[in-house]
Amino acid sequence: MTVLSIIVAPDPRLKVNADPVDKVDGEIRQLMDDMLETMHSANGIGLAAPQVGVAKRILVMDVARPDEDPQPIRMANPEVVWESEEEVLAEEGCLSLPDQYAEVVRPQKVRVRYLDHENEIRELEADGLLAKCVQHEMDHLDGVLFVDHLSSLKRKIILRKLSKTKRMAAVGA
Ligand code: GNR
Ligand code: NI
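Quick rundown of the coordination of the nickel ion (ligand 2)? Include the residues and the values.
Protein coordination at the nickel ion (ligand 2) comes from Cys94 (SG), His136 (NE2) and His140 (NE2), with a distance range of 2.1 to 2.3 Å. Read in sequence order, the donor residues for the nickel ion (ligand 2) give the motif C-x41-H-x3-H. Taken together, the residues span a long stretch of sequence, with Cys94 in the loop between strand E4 (87-92) and strand E5 (102-107) and His140 in helix H2 (residues 128-141) at a distance of 46 residues. Here Cys94 matches His140 in class, with each residue buried.

Residues and numbers for the side chain of Asp34, please.
Tracing the backbone through its elements, the reader meets Asp34 in helix H1 (residues 26-41). In this structure, Asp34 is buried with no salt-bridge partner, the nearest side chain bearing the opposite charge being Arg74 at 9.8 Å. Not counting residues within four places of it along the chain, the set of residues in contact with Asp34 comprises Met1, Thr2 and Leu4.

Please give an account of the site of ligand 1 that cites residues and values.
As a structural note, the neighbourhood of ligand 1 is formed by Gly44, Ile45, Gly46, Gln51, Glu91, Glu92, Gly93, Cys94, Leu95, His136, Glu137 and His140. A distance of 3.0 Å separates an oxygen atom of ligand 1 from a polar backbone atom of Ile45. Within the side chain of Gln51, one N or O atom sits 2.8 Å away from an oxygen atom of ligand 1. When residues in the shell around ligand 1 are grouped by element, the largest group, three residues, is from H2. Split into classes, the residues belonging to the shell around ligand 1 amount to three nonpolar, six polar and three charged.

Account for the environment of Tyr101, naming residues and giving values.
By the element assignment, Tyr101 lies in the loop between E4 and E5. Here Tyr101 falls in the exposed class, since its relative accessible area comes to 54%. A sequence separation of 73 residues divides Tyr101 from Ile28, and the C-alpha atoms of the two residues are 31 Å apart. The contact partners of Tyr101, leaving out residues within four places of it in the chain, are Glu91, Glu92, Gly93 and Phe146.

Pulling in residues and values, what's your account of unusual backbone geometry?
The linkage connecting Ala9 with the following residue, Pro10, adopts the cis geometry, with an omega of -5°. Mapped onto the secondary structure, Pro10 falls in the segment before H1. For Asp99, which is not a glycine, the phi torsion comes out positive at approximately 65°. Inspection of the secondary structure assignment puts Asp99 in the loop between E4 and E5. Although it is not a glycine, Asn119 adopts a positive phi angle of roughly 65°. Its location among the elements puts Asn119 in the loop between strand E6 (110-115) and strand E7 (121-126).

Procedures and definitions
- Residues numbered from 1 in each chain as written.
- Chains lettered and ligands numbered in written order.
- Predicted model: local features only at pLDDT ≥ 70, side-chain atom pairs only at ≥ 80, totals over all residues.
- Heavy atoms only, no water.
- Donors = N, O, S within 2.8 Å, 3.2 Å for Na, K, Ca; no water.
- Helix = DSSP H or I, 4+ residues; strand = E, 2+ residues; numbered from the N terminus.
- Buried < 20%, exposed > 50% of the residue type's maximum accessible area, 1.4 Å probe, protein only.
- Lys, Arg positive; Asp, Glu negative; His and termini not counted.
- Salt bridge = Lys/Arg side-chain N within 4 Å of Asp/Glu carboxyl O.
- Contact = heavy atoms within 4.5 Å.
- Near = heavy atom within 4 Å.
- Polar contact = N/O pair within 3.5 Å; in protein donor to acceptor, adjacent residues only side chain to side chain.
- Nonpolar A, V, L, I, M, F, W, Y, C, P; charged D, E, K, R; others polar.

Structural data, given as structure tokens:
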């Protein structure tokens, strides 16, 4: 397995509408496993393929706490087939927006249909942290970041901070 590098915003590769996968084959399975390793090594609970520069509709998640056994979830071509009317407001972060947090409103529960790592169609009903995570990851597949759910002022403040951090890193200051 390989730890891949995670793209930090602003970056055009985070804005793409990713392509569906034809079939979950050995190559896609390998990518899913590399994404899980990358996500765990960054202490994240989810990761979408565009965050590692792959414009495909693939995501992985694991919301198990560090003291619990891992519960890895691998999805290709996920689709929301049902969402609750109740919404919840909760703080989100993103591995592509390091050290930035903001409250985002989303449906409390969702039911998602997807292809698993064996190319089988499955459904998952998610609530709580898993529901937030799967919606956040599916947004990445459409080039949407959590800051796109905020006011344009809040979004600009966060993105400006990140470009400044990138500029400073580039000159080694
Ligand atoms: O690790 C992550 N934590 C998180 C917390 C609240 C809501 C969403 C997330 S997803 C994020 C990892 C990430 O950026 N996935 O795209
Ligand atoms: Ni993210």
